[in-house]
Amino acid sequence: ALALPTAAIMLQDQEAHAAEMERTFIAIKPDGVQRGLISEIVSRFERKGFKLVAIKIVIPSKDFAERHYHDLKERPFFNGLCDFLSSGPVLAMVWEGEGVIKYGRKLIGATDPQKSEPGTIRGDLAVVVGRNIIHGSDGPETAKDEINLWFKPEELVNYTSNAENIFHF
Ligand code: ADP
């Protein structure tokens, strides 16, 4: 077995690395929650080695959904999309790790599940674009904005996981 130094077991690191660590906003939409896919989806991010730093279940208001999707307000599906996002519980999360924004999008797969590769979340678990079960920030700026929209700073937890001590050898 791999021996871990005792000090590495649970390093509480309240400020040091948080500033430079990459974070992304991931949400399981109401269809994913209703279909019982929370554990399946969380598990894929967790097993990859990303670190969960915030999580909550909320029913967003229509107004909140419109703020989240403001970039899409000219699209014909905007109203239906915001109605749907606010129709039931959403699992909102922040995941942290090296390359988590881009790789999170890879884990999720293409927007249209018909075009998502098998092995991706949408490829394996969804069929139609209007019910594609998951959202993930598409870049560093949107990640920052979306984390700020969905979470208060004190809801984000800074800690060092054992996995980090293995990855950053
Ligand atoms: P992504 O979620 O992959 O970042 P977009 O930001 O382009 O994709 O779109 C946001 C969401 O809007 C999609 O996840 C999907 O639920 C919905 N959507 C996108 N395109 C369509 C469409 N043509 N018809 C219906 N809904 C759509």
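To be clear, the structure that these remarks concern was listed above.
Not measured: the values here are computed from a predicted model.

**Points about the nonpolar core**
Thought 1: Counting residues in hydrophobic clusters, the biggest one holds 21 residues, and the most contacted among them are I41, F45, W95, I121, I133 and I134.
Thought 2: Elements represented by at least two residues in this core include exactly β1 (23-28), α2 (38-48), β3 (90-96), α5 (100-108) and α6 (121-125).
Thought 3: Of all the elements, α5 adds the most residues to this core, at four residues.
Thought 4: Not counting residues up to four positions away in its chain, the partners in contact with I121 are I41, R44, F45, L107, I108, A126, I133 and I134.
Thought 5: By size, the runner-up hydrophobic cluster in this structure holds 19 residues, among which are F25, V53, I147 and Y159.

**Details of the site of the ligand**
Thought 1: The environment of the ligand is made up of K29, Y69, L72, F77, L81, R105, T111, R122, V129 and N132.
Thought 2: One of the side-chain nitrogen or oxygen atoms of K29 is found 2.9 Å away from an oxygen atom of the ligand.
Thought 3: Between an oxygen atom of the ligand and a side-chain N or O atom of N132, the distance comes to 2.8 Å.
Thought 4: Contact with the protein chains hides 75% of the accessible area of the ligand, taken as 530 Å² for the molecule alone.
Thought 5: Residue composition of the shell around the ligand, by class: five nonpolar, two polar and three charged.

**Some thoughts on the pairing of β1**
Thought 1: In terms of burial, β1 is largely enclosed, as six of its six residues are buried.
Thought 2: Burial along β1 is two-sided: the face carrying R23, F25 and A27 and the face carrying T24, I26 and I28 are both buried.
Thought 3: Bridge count between β1 and strand β4 (residues 134-136): three bridges; the pairing is antiparallel. Paired with A27 across the bridge in β4 is H135.

**A short note on the sheet that holds strand β2 (residues 51-58)**
Thought 1: Across the sheet, four strands lie side by side as β2-β3-β1-β4; this open sheet has antiparallel pairing. Strands at the two margins of the open sheet, each flanked by one partner only, are β2 and β4. Recorded for the sheet is a direction-independent mean angle of 15° between the axes of neighbouring strands.
Thought 2: Its contacts with the sheet place helix α7 (residues 140-150) against β1, β2, β3 and β4, and it is angled at close to 60° to β1.

**Focus on the environment of H168**
Thought 1: Residue position: H168 is located in the segment after α8 (162-167).
Thought 2: Linking H168 and D145, residues 23 residues apart in sequence, is a C-alpha distance of 28 Å.
Thought 3: The residues contacting H168, other than those within four sequence positions of it, are M21 and E98.
Thought 4: A distance of 3.0 Å separates the side chain of H168 from the side chain of E98, its partner in a polar contact.

The rules behind these values
Residues numbered from 1 in each chain as written. Predicted model: local features only at pLDDT ≥ 70, side-chain atom pairs only at ≥ 80, totals over all residues. Heavy atoms only, no water. Core = buried A, V, L, I, M, F, W, Y, C linked by side-chain atoms within 4.5 Å. Buried < 20%, exposed > 50% of the residue type's maximum accessible area, 1.4 Å probe, protein only. Helix = DSSP H or I, 4+ residues; strand = E, 2+ residues; numbered from the N terminus. Contact = heavy atoms within 4.5 Å. Near = heavy atom within 4 Å. Polar contact = N/O pair within 3.5 Å; in protein donor to acceptor, adjacent residues only side chain to side chain. Areas by Shrake-Rupley, 256 points an atom, 1.4 Å probe, with all protein chains shown as cover. Nonpolar A, V, L, I, M, F, W, Y, C, P; charged D, E, K, R; others polar. Pairing = 2+ DSSP bridges. Axes fitted to C-alpha atoms, helices over the stretch in contact; angles between N-to-C directions.

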